[in-house]
Amino acid sequence: KAVVSTQSTGAQKMIEQKQVAELALLPYKDAKELLYGLYTENFLELQELHRTPDFSPLRTFYLFHAPLEKLRQKLLSTCYKAVFNLMEVRKRNLNENSRLVEKSLRADAAVLQATQKGIPPDQLEDILTRSEKQQLAGCMRLVKTLDLGEISVVDTILALTHFGTTQIS
C-alpha cells in the first residue's frame, strides 16, 4: 500500500512511517526515531503531503524514500573514511610501539642466526621481558583486528561499487 509518486527520473516508491513500522516489525515510536535519524543523516528523503491547507503537522502525511544512487555514494564515502581511520589507528599503534616492534625483530633475527649456527633457541637469553612480550602481543592483536576490519570494509566497498554498475530497478 505504498504511495508512489512520479518524477522526471521515473517512478519513485515512497512509504509512510506506519508502513515502515509494520514491515520492520517495530513499534511505531522506534520506527519513527529510526526514520528521522536516517533522514537527518541524509540516508532518506522526505516528502510532506498536507491534507489541509493550514499545513498542520497533525494532518500531514510524511512519506520517505531511499534514493539508491545517492545512498550508495554516501555509503561509499563512509566506507572510504572508515578505511582511512583504520589505517591511521594501525599506523599510530605501530608508531607508539615502534621500539618494541624493532626489538622483537632483532630478537627474531638473533634466534634465526642462532638456529643457522646450530644453537638451540632455548639456550639463548630472552631479549624481551615478559611485560614487553605481553605488550607486543596486545599490539599485534590490535593490528590483526584492524587488518580484518579493513578487509571487511574493502569487501563492502567492492560490493557497493559492483552494485553501482548493475542496473537498478
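In this text the structure is predicted, and so the values were computed from the model without any measurement. (Residues numbered from 1 in each chain as written. Predicted model: local features only at pLDDT ≥ 70, side-chain atom pairs only at ≥ 80, totals over all residues. Heavy atoms only, no water.)

**Digging into the packing of aromatic side chains**
Two numbers describe a pair of aromatic rings. These are the distance of the centres and the angle of the planes.
Part 1: If you walk through the whole model with that rule in mind, you get 1 aromatic pair.
Part 2: Arranged with centres 5.6 Å apart and planes meeting at 85°, the rings of Tyr 36 and Phe 64 form a pair that is edge-to-face. Highlighted residues: Tyr 36 in helix H2 (residues 28–40) and Phe 64 in strand E4 (residues 60–65), separated in sequence by 28 residues.
Part 3: Judged by its relative accessible area of 25%, Tyr 36 is partly exposed.
Part 4: Stacked on the ring of Phe 61, the Lys or Arg Arg 51 has its end atom at 4.8 Å from the ring centre. (Phe/Tyr/Trp six-rings, centres within 6.5 Å; stacked < 30°, edge-to-face > 60°. Helix = DSSP H or I, 4+ residues; strand = E, 2+ residues; numbered from the N terminus. Buried < 20%, exposed > 50% of the residue type's maximum accessible area, 1.4 Å probe, protein only. Lys NZ or Arg CZ within 6 Å of the ring centre and 35° of its normal.)

**A word on the pattern of salt bridges**
Part 1: Across all of its chains, the model carries 6 salt bridges by this definition.
Part 2: Residue Arg 72 pairs with Glu 69 through a salt bridge whose shortest N-O separation is 2.9 Å. Of this pair, Arg 72 and Glu 69 are both found in helix H3 (residues 68–96), 3 residues apart, which corresponds to roughly one turn of the helix.
Part 3: For the salt bridge of Glu 150 with Arg 90, the shortest nitrogen-to-oxygen distance reads 2.9 Å. One end of the pair, Glu 150, is in helix H5 (residues 130–165); the other, Arg 90, is in helix H3, with 60 residues separating them in the sequence. (Salt bridge = Lys/Arg side-chain N within 4 Å of Asp/Glu carboxyl O.)

**As for the packing of helix H1 (residues 17–24) against H2**
Part 1: One way to put it is that H1 packs onto H2 with a least axis distance of 9 Å and a crossing angle of 110°. Considering their axes alone, H1 and H2 lie roughly perpendicular with respect to each other. Helix-helix and strand crossings are classified by hand; for H1 and H2 the assignment is right-handed. Here Gln 17, Lys 18, Val 20 and Ala 21 of H1 lie close against H2, whose contacting residues are Tyr 28, Ala 31, Lys 32, Leu 35 and Tyr 36.
Part 2: By residue class, the composition of the contact of H1 with H2 is 6 nonpolar, 1 polar and 2 charged. (Axes fitted to C-alpha atoms, helices over the stretch in contact; angles between N-to-C directions. Parallel < 35°, antiparallel > 145°, perpendicular 65-115°, else oblique. Left-handed = near helix turned anticlockwise from the far one by under 90°. Contact = heavy atoms within 4.5 Å. Nonpolar A, V, L, I, M, F, W, Y, C, P; charged D, E, K, R; others polar.)

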